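Residue-level listing of the chains:
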Amino acid sequence: MTDFTFDAPTVIRTKRDGGVLSDGAIDWVIDGYTHGRVADEQMSALLMAIFLRGMTGAEIARWTAAMVASGERLDFTDLRRDGKPLALVDKHSTGGVGDKITIPLVPVVMACGGAVPQAAGRGLGHTGGTLDKLESIPGFTAEISKAQIRQQLCDLGAAIFAAGELAPADRKIYALRDVTGTTESLPLIASSVMSKKIAEGTRALVLDSKVGSGAFLATEAESRELARTMVGLGTEAGLVTRALLTDMEIPLGRTVGNAIEVEESLEVLAGGGPADVVELTLALASEMLDAAGLDGLDPAETLRDGSAMDRFRALVAAQGGDLSGPLPIGAYSETICAPRDGTMGLIDAMAVGLTVWRLGAGRSIQGEQVQSGAGMRIHRRPGEPVAAGEAVFTLYTDTPARFEAAMAEMDGAWSVGDSAPELRPLIIDRIGP
């Protein structure tokens, strides 16, 4: 039976004019969009109205709950390992440039006894997605059954999977936000993240809320508010939830892209890799283990003794991936060289993210295939010495026509100076219990 209580134009106008959407209106529009009764162009207009007008805390909570209710909720409470319930814990980042942390982090937590049901996403706007990165490994698939997810959690300690039937409303809205300029909205970010995490069946959640140029929200105050909002949503849903505010003024690590970030993650798992990637991996691992009630284990030891690497290889193999050969790299490359001797200054994370997006690592239309080999290598990070004429960035793509627009994004985004720039701490603050 058709419900004539609500209609899309009225819901759109209400939010466009700064009004508050009722619980019934939110439930109706989420259900209608999930089942095709609300059109893409109508949801696009509503998302832009939310982007411009915002939402109250009550609206965000109801929008999140409606997206959770749009699909199934996973339940792993019956699973046991050695006769004990699994220590279920997950992590989510609000999105950053060079943020490959999930890839080394999950196996570190696995090696420490945690169980990670990771419903991961694809790239959104200028930020990369964990699934796009992992799918650059030949054969790897995130489209796995519920039975396989359960089996991997018991046998290996993790599964990294596409959300599938979890919060299907969010999957549709997420793809629409990516191509309509509505990604940088606190209500839409918070509800997107938390609907998937509440539905995926974890018991504890650690959030990485990014601050700086490469983050979705422009100011530290907004990122702090986002973290508090998400912690509140998680706590209300019965999850042990906490957040770290972390720096995203400059890219994380020395690589940005898809396969190239997997390559760097393997370096971290082998006991090397950039110091900032290692630091954030271990900080988030410690928070996850604490939130899951696991103590007495040193996450750093799992990188030193190779146990995290072993877990990652087992996880990739279980999901069809083959790490025996080389990872893909773009067939064409261009370098950007230093104009003078000196010290590398700040590198604008947003500019780097947009550069790599233009190289083909991200999408400009829904469902577009990303290039696994597109990306950028950062040869000199802020504060490191630079010689005139040496390469400071190398850009890769399979489509050389993309270079001109990509290189233009880097104009004014970096500099070489006489002294090291001032860098803020990688971990800025912690929010939650």
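The rules we used
Residues numbered from 1 in each chain as written. Predicted model: local features only at pLDDT ≥ 70, side-chain atom pairs only at ≥ 80, totals over all residues. Heavy atoms only, no water. 1 Å grid on protein atoms, 1.4 Å probe; cavity = no way out; pocket = protein on both sides within 12 Å on 5 of 7 lines; lining within 4 Å. Points joined across faces, edges and corners; volume = space filled by probe spheres on them. Helix = DSSP H or I, 4+ residues; strand = E, 2+ residues; numbered from the N terminus. Nonpolar A, V, L, I, M, F, W, Y, C, P; charged D, E, K, R; others polar. Buried < 20%, exposed > 50% of the residue type's maximum accessible area, 1.4 Å probe, protein only. Contact = heavy atoms within 4.5 Å. Arc of directions from axis to C-beta. Core = buried A, V, L, I, M, F, W, Y, C linked by side-chain atoms within 4.5 Å. Domains from an automatic or database assignment. Buried area = accessible area lost by both parts, 1.4 Å probe. Salt bridge = Lys/Arg side-chain N within 4 Å of Asp/Glu carboxyl O. Pairing = 2+ DSSP bridges. Phe/Tyr/Trp six-rings, centres within 6.5 Å; stacked < 30°, edge-to-face > 60°. Lys NZ or Arg CZ within 6 Å of the ring centre and 35° of its normal. Axes fitted to C-alpha atoms, helices over the stretch in contact; angles between N-to-C directions.

Student: How should empty space enclosed by the protein be read in this particular structure?
Tutor: In this structure the tally under the stated criterion is 3 cavities of 30 Å³ or more. Forming the boundary of the largest cavity are 29 residues, of which His-92, Ser-93, Gly-95, Gly-128 and Tyr-174 lie nearest the centre. At the level of secondary structure, the elements contributing two or more residues to the lining of the largest cavity comprise β3 (89-93), β4 (116-120), α6 (130-134), α8 (168-178) and α9 (186-199). Counted by class, the lining of the largest cavity contains 8 nonpolar, 13 polar and 8 charged residues.

Student: Help me out: how do you make sense of α8 in this one?
Tutor: Most of α8 sits inside the fold, with 8 of its 11 residues counted as buried. In this structure, the buried side of α8 is in contact with α2 (23-34), α3 (40-53), α4 (57-69) and α9.

Student: Is there a simple way to explain helix α1 (residues 8-16) in this structure?
Tutor: Within an α-helix, residues lying three or four positions from one another point in the same direction, as the helix has 3.6 residues per turn. Every buried residue of α1 is listed here: Ala-8, Val-11, Ile-12 and Lys-15. The buried residues of α1 occupy one face: seen down the axis, they fall within an arc of 100°. Where α1 ends, the next residue or the one after it, Gly-18, has phi of about 90°, a positive value.

Student: When you look at the nonpolar core in this model, what are you seeing that I'm missing?
Tutor: Of all hydrophobic cores here, the largest spans 73 residues; its most connected members are Ile-137, Phe-312, Phe-393 and Trp-414. If one sorts the elements of this core by residue count, helix α12 (residues 275-291) sits on top with 10 residues. Each of domain 2 (80-319) and domain 3 (332-417) contributes no fewer than three residues to this core. The residues touching Phe-312, leaving out its near neighbours within four places in the chain, are Ile-103, Pro-107, Leu-134, Ile-137, Leu-266, Leu-269 and Leu-323. Core analysis: the second largest hydrophobic core is formed by 61 residues, Trp-28, Trp-63, Ala-190 and Ala-199 among them.

Student: What is the right way to read the domain arrangement of the protein chain from this model?
Tutor: How big an interface is tends to be reported as the loss of accessible area on association of its parts. Taken domain by domain, the protein chain holds domain 1 (8-54), domain 2 (80-319) and domain 3 (332-417). A straight line from the C-alpha centre of domain 2 to that of domain 3 covers 25 Å. Contacts between the two partners involve 30 residues from domain 2, matched on the other side by 29 residues from domain 3. Roughly 2200 Å² of surface becomes buried between domain 2 and domain 3 when both sides are summed, with 52% attributable to carbon and sulfur atoms. Here domain 2 and domain 3 share 4 salt bridges between them.

Student: It is not clear to me how unusual backbone geometry should be interpreted in this structure. Could you clarify?
Tutor: Excluding glycine, residues mostly carry a negative phi; peptide bonds, for their part, are mostly trans. Even without being glycine, Asp-82 reaches a positive phi, approximately 55°. Assignment of secondary structure puts Asp-82 in the loop between β1 (80-81) and β2 (84-85). Residues other than glycine seldom take positive phi values, yet Ala-167 does so here, at roughly 40°. Relative to the helices and strands, Ala-167 is located in the loop between β5 (158-162) and α8.

Student: Help me understand the sheet that holds strand β12 (residues 385-386) in this model?
Tutor: Note: strands within a sheet are paired through backbone hydrogen bonds, in either parallel or antiparallel orientation. Pairing within the open sheet is antiparallel, and its 3 strands lie in the order β12-β10-β14. Looking along the sheet, the strands with just one partner apiece sit at the ends: β12 and β14 (416-417).

Student: How do you make sense of the packing of aromatic side chains when you look at a structure like this?
Tutor: Aromatic ring pairs are described here by two measures, namely the spacing of the ring centres and the angle between the planes. If you walk through the whole model with that rule in mind, you get 2 aromatic pairs. Relative to Trp-414, the ring of Phe-393 has its centre 5.4 Å away and its plane inclined at 80°; by these criteria the two rings are edge-to-face. In this pair, Phe-393 is assigned in strand β13 (residues 391-397) and Trp-414 in the loop between α16 (403-409) and β14, connecting sequence segments 21 residues apart. You'll find Phe-393 and Trp-414 in the same group, each marked buried. The ring of Tyr-33 has Lys-172 sitting right over it, with the charged end atom 4.3 Å from the ring centre.

Student: Hey, could you run me through the sheet that holds strand β8 (residues 255-257) in this one?
Tutor: Taking strand neighbours across the sheet as the criterion, the 4 strands line up as β8-β11-β13-β9 in an open arrangement whose pairing is antiparallel. Both outer strands of the open sheet, β8 and β9 (332-337), are each paired with one neighbouring strand and no more. In this sheet, neighbouring strand axes are inclined to one another by 15° on average, regardless of whether the strands run parallel or antiparallel. Sheet topology places strand β11 (residues 375-378) next to β13; 4 bridges connect them, and they run antiparallel.

Student: I would appreciate a short explanation of the pattern of salt bridges in the present structure.
Tutor: Think of it this way: side chains of opposite charge can pair up when their charged atoms draw near. All chains considered together, the criterion is met by 30 salt bridges. For the salt bridge of Asp-90 with Lys-197, the shortest nitrogen-to-oxygen distance reads 2.5 Å. Of this pair, Asp-90 sits in strand β3 while Lys-197 sits in helix α9, and the two are 107 residues apart along the sequence. A salt bridge links Arg-424 to Asp-247, with the nearest nitrogen and oxygen atoms 2.4 Å apart. Here Arg-424 is found in the loop between β14 and β15 (427-431), whereas its partner Asp-247 is found in strand β7 (residues 240-247), with 177 residues between them in sequence. Asp-247 gets classed as buried once you look at its relative accessible area, which sits at 8%. One connected set of salt bridges, linked through shared partners, spans Arg-242, Glu-287, Asp-290 and Arg-430.

Student: Is there a simple way to think about the pairing of β5 in this case?
Tutor: Residues in a regular strand point their side chains to alternate faces of the sheet. Where burial is concerned, most of β5 is hidden: 5 out of the 5 residues are buried. Residues of β5 alternate between two faces, with Ala-158, Ile-160 and Ala-162 on one and Ala-159 and Phe-161 on the opposite face, all of them buried. Bridge count for β4 against β5 is 5 bridges, and the pairing is parallel. Following the sheet pairing, Pro-117 is matched in β5 by Ala-159.

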